[in-house]
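Architecture and fold: a report
Listed here are the chains, written in short residue letters.
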Amino acid sequence: MKRPGLRDLCFVILSSLIICASSFAQDTSGLIDPDAATPTPTPVNAAAKAPAQWIAQLADADSAKRGEASAALLILGAKARDAVQAALDSKNPAIQSGAQEAWKTLRW
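Since the structure is predicted, the reported quantities are computational estimates derived from the model, not experimental observations.

**Quick look at the overall build of the protein chain**
Looking only at helices and strands, the protein chain has five helices and zero strands in total. Helices and strands appear in the protein chain in the N-to-C order α-α-α-α-α. Per-residue burial for the protein chain yields a buried fraction of 19% across its 108 residues. Approximately 8,500 Å² of the protein chain is accessible, and the part contributed by carbon and sulfur atoms is 60%.

Structure, rendered in structure tokens:
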């Protein structure tokens, strides 16, 4: 009986790779549909609230509301500067983190 050689081993490995690659190429059930419409962000009316109210909303449990607050602070820009600067020392980590991001992003 002949022992398997290097060529036989390479054949087995190559065959396994081809089988794995073909099964992966056929299974697209877990992939995101590139033709699906991406959700459009809701426009933020930054003037609807005072900067301090937007700062408080940075601690909201709903991530969409936190995102809305961040966007509003960026839109307000220099008008929110004092509120953002004060929030940098907040004892609430969510408010402090959101204020840090706004502070880094805005050009004063």
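**Points about the packing of aromatic side chains**
In total, this model carries zero aromatic pairs according to the counting rule given. Note that Lys49 overlies the ring of Trp54, its terminal NZ or CZ placed 4.7 Å from the centroid.

**Here we look at helix H3 (residues 63-76)**
Its 14 residues give H3 an end-to-end C-alpha distance of 20 Å, which sits within 8% of 20 Å, the value for a rise of 1.5 Å per residue. Within the sequence span of H3, burial applies to Ala69, Ala72, Leu73 and Leu76. Mapping the buried residues of H3 onto a view down its axis gives an arc of 100°, with all of them on the same face. Within H3, the exposed residues directed more than 90 degrees away from the buried face are Ala64 and Ile75. For H3, the elements touching its buried residues are helix H2 (51-57) and helix H4 (81-87). At the N-terminal boundary of H3, the capping side chain belongs to Asp62, with an oxygen 3.1 Å from the backbone nitrogen of Ala64.

**Comments concerning the side chain of Gln57**
By the element assignment, Gln57 lies in helix H2. Assessed through its relative accessible area of 8%, Gln57 is described here as buried. In this view, Gln57 contacts Lys49, Lys65, Arg66, Glu68 and Ala69; residues no more than four positions away in its chain are not counted.

**Concerning the nonpolar core**
Of all hydrophobic cores here, the largest spans 16 residues; its most connected members are Trp54, Ile55, Leu58, Leu73 and Val84. For this core, the secondary structure elements donating two or more residues are H2, H3, H4 and helix H5 (93-105). Looking at this core, the element that brings in the most residues is H3, giving four residues. In contact with Ile55, not counting residues within four places along its chain, are Leu73, Ala83, Val84, Ala87 and Ile95.

**Quick look at H5**
Taking 1.5 Å of rise per residue, 13 residues should cover 18 Å, and H5 covers 18 Å from first to last C-alpha, within 8% of that figure. Regarding H5, the residues found buried are Ile95, Gly98, Ala99 and Ala102. Mapping the buried residues of H5 onto a view down its axis gives an arc of 100°, with all of them on the same face. The exposed residues of H5 that point more than 90 degrees off its buried face are Pro93 and Lys104. Where H5 starts, the residue carrying a side-chain oxygen 2.8 Å from the main-chain nitrogen of Ala94 turns out to be Asn92.

**Let's talk about the pattern of salt bridges**
Taken as a whole and judged by the stated rule, the model has one salt bridge. Of the charged contacts in the structure, one is a salt bridge between Lys104 and Glu101, with a shortest N-O distance of 3.1 Å. Pair noted here: Lys104 and Glu101 are both in helix H5, with a separation of three residues, about one helical turn.

Rules of the game
Residues numbered from 1 in each chain as written. Predicted model: local features only at pLDDT ≥ 70, side-chain atom pairs only at ≥ 80, totals over all residues. Heavy atoms only, no water. Helix = DSSP H or I, 4+ residues; strand = E, 2+ residues; numbered from the N terminus. Buried < 20%, exposed > 50% of the residue type's maximum accessible area, 1.4 Å probe, protein only. Areas by Shrake-Rupley, 256 points an atom, 1.4 Å probe, with all protein chains shown as cover. Phe/Tyr/Trp six-rings, centres within 6.5 Å; stacked < 30°, edge-to-face > 60°. Lys NZ or Arg CZ within 6 Å of the ring centre and 35° of its normal. Expected span 1.5 Å × (residues − 1). Arc of directions from axis to C-beta. Contact = heavy atoms within 4.5 Å. Polar contact = N/O pair within 3.5 Å; in protein donor to acceptor, adjacent residues only side chain to side chain. Core = buried A, V, L, I, M, F, W, Y, C linked by side-chain atoms within 4.5 Å. Salt bridge = Lys/Arg side-chain N within 4 Å of Asp/Glu carboxyl O.

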